[in-house]
Amino acid sequence: MNTPSQTEGQLINVHIDAAIATVTLNRPEKRNALSMPFVRQLQACFEALPGSVRVVILNGAGAHFCAGLDLSELSETNAGEGMQHSMLWYEAFAKVQFGRLPVIVVMQGAVVGGGLELAATAHVRVAEDSAYFGLPEGQRGIFLGGGGSVRVTKLIGFSRVTEMMLTGHVLNATEAHAIGLVHYVTPAGEGMRKARELAARIATNAPLSNYAVLSVLPLIAEQPMSHGLMTEQLIAAITQGAPEAKERVHAFLEKRADKVGMAVNP
Ligand code: 1HE
């Protein structure tokens, strides 16, 4: 099935091709700056993806993935409204990070401020070599407000986030790869090809394993060691007990399954 559809007005495009949904930020004239309607539509779009979808590719139309918060929204916002604003971003971003679907983000050009906060919600990050990463909140007189002080800090560490916010240091794609902020770097125009290849791979995993990676691994990462080991034991027991796991293990033992590294070349 190949079902192109324009949903959510002009801000988000969704294209579903069998098990893979491509969700495109579609406000290139404003460099995909995230206004409140945009964030709400992103949330609604993730909530509405049909059960047939197994993986999402998130990208941005135009030369830039996302220029962050729509700064025009800040001109009259008071403190209470600012907190409300963050809460709405948190709700929407939770749908991306903690929904049922693995999300691969493809980035080019600016991935800054709230754009980097959004990219940090994805599970796999692919950067074209034009991508650059910054946290210009200091320059704008504001602070991270879309969960980045938690998510980006978990990805690259407190010290790097501190330095980027204080100095306005912008990382290029190679630097971002070297510190683990992105998993893959591709030549210009190749990001989607790489993402589709990875998506096809992810879609063939046992759904229960993908569920454990998305929903249980983040909990384990937050738990003290003794709790984490118990949580791991429980989810490991449940996944290995599923009929699909038994069939996959037998397939390997009977030499019907790929060896490690045979089907993917990261
Ligand atoms: C915007 C925004 C925006 C562009 N909010 N309107 N984010 C930033 O501080 C990044 C600000 N943007 C930029 O530095 C540049 O726009 C870019 C480097 C991303 C791209 O430059 P360029 O030359 O391709 O585009 P441009 O001419 O600067 O922008 C094109 C239009 O998009 C222009 O509007 P126009 O009506 O004059 O055509 C820009 O005003 C508009 N535009 N970025 C509003 N961000 C939850 S807290 C998160 C906190 C943050 O995200 S702080 C970081 C904010």
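Just above sits the structure.
Attention here is on the structure that accompanies the text. (Residues numbered from 1 in each chain as written. Predicted model: local features only at pLDDT ≥ 70, side-chain atom pairs only at ≥ 80, totals over all residues. Heavy atoms only, no water.)

Topic: the pairing of strand β5 (residues 103–107)
Working step 1: Counting buried residues in β5 gives five out of five residues, a clear majority hidden from the surface.
Working step 2: Alignment of strand β4 (residues 55–60) against β5, held across three bridges, turns out to be parallel. Bridge assignment links Ile57 to a residue of β5, and that residue is Ile104.
Working step 3: Both β5 and strand β7 (residues 124–128) contribute to a ladder of four bridges, which runs parallel. (Buried < 20%, exposed > 50% of the residue type's maximum accessible area, 1.4 Å probe, protein only. Helix = DSSP H or I, 4+ residues; strand = E, 2+ residues; numbered from the N terminus. Pairing = 2+ DSSP bridges.)

Describing the nonpolar core
Working step 1: Grouped together as the largest cluster of nonpolar side chains are 50 residues, with contacts concentrated most on Leu42, Phe65, Met107 and Phe133.
Working step 2: For this core, the element with the most residues is helix α1 (residues 36–48), which contributes six residues.
Working step 3: In this structure, Ile20, Met192, Leu198 and Ala199 belong to the second largest nonpolar core, which totals 14 residues. (Core = buried A, V, L, I, M, F, W, Y, C linked by side-chain atoms within 4.5 Å.)

Topic: the site of the ligand
Working step 1: Surrounding the ligand, one finds 23 residues, the nearest of these being Lys30, Ala67, Leu69, Gly114 and Arg140.
Working step 2: One of the backbone nitrogen or oxygen atoms of Glu29 is found 3.5 Å away from an oxygen atom of the ligand.
Working step 3: Contacts to the ligand include Lys30, whose side-chain N or O atom sits 2.6 Å from an oxygen atom.
Working step 4: In isolation the ligand offers 1,000 Å² of accessible surface; the protein chains occlude 65% of this area.
Working step 5: A per-class count over the shell around the ligand returns 10 nonpolar, six polar and seven charged. (Near = heavy atom within 4 Å. Polar contact = N/O pair within 3.5 Å; in protein donor to acceptor, adjacent residues only side chain to side chain. Areas by Shrake-Rupley, 256 points an atom, 1.4 Å probe, with all protein chains shown as cover. Nonpolar A, V, L, I, M, F, W, Y, C, P; charged D, E, K, R; others polar.)

Section: the environment of Ala236
Working step 1: With respect to the helices and strands, Ala236 occurs in helix α10 (residues 225–241).
Working step 2: For the pair Ala236 and Arg140, spaced 96 residues apart in sequence, the C-alpha to C-alpha distance is 46 Å.

Re a nonpolar patch on the surface
Working step 1: Taken together, Leu71, Leu74 and Ile142 make up a surface patch of nonpolar side chains, about 210 Å² in accessible area.
Working step 2: Tracing the backbone through its elements, the reader meets Leu74 in the loop between β4 and α2 (79–97). (Patch = residues over 30% accessible without salt bridge, like charges linked within 9 Å, V, L, I, M, F, W, Y side chains within 5 Å. Salt bridge = Lys/Arg side-chain N within 4 Å of Asp/Glu carboxyl O.)

Quick notes on the packing of α1 against α2
Working step 1: The interhelical angle for the contact between α1 and α2, taken along N-to-C directions, is 30°, at an axis separation of 9 Å. The angle between α1 and α2 falls in the class roughly parallel. Along this stretch, α1 crosses α2, giving a crossing that reads as left-handed. Contact residues: Met36, Val39, Arg40, Leu42, Gln43, Phe46 and Glu47 in α1; His85, Leu88, Trp89, Glu91, Ala92, Phe93, Lys95 and Val96 in α2.
Working step 2: Across the contact of α1 with α2, the residue classes tally to nine nonpolar, two polar and four charged. (Axes fitted to C-alpha atoms, helices over the stretch in contact; angles between N-to-C directions. Parallel < 35°, antiparallel > 145°, perpendicular 65-115°, else oblique. Left-handed = near helix turned anticlockwise from the far one by under 90°. Contact = heavy atoms within 4.5 Å.)

Considerations on α2
Working step 1: For α2, built from 19 residues, the straight-helix expectation of 27 Å at 1.5 Å per residue is met to within 8% by its first-to-last C-alpha distance of 27 Å.
Working step 2: If you check which residues of α2 are buried, you get His85, Ser86, Trp89, Ala92, Phe93, Val96 and Gln97. When α2 is viewed along its axis, its buried side chains cluster within an angular range of 135° and face the same direction.
Working step 3: Buried residues along α2 sit in contact with α1, β5, α3 (114–119) and α5 (148–156).
Working step 4: If you check the start of α2, you find a side-chain oxygen 3.2 Å away from the backbone N of Gly80, and it comes from Asn78. (Expected span 1.5 Å × (residues − 1). Arc of directions from axis to C-beta.)

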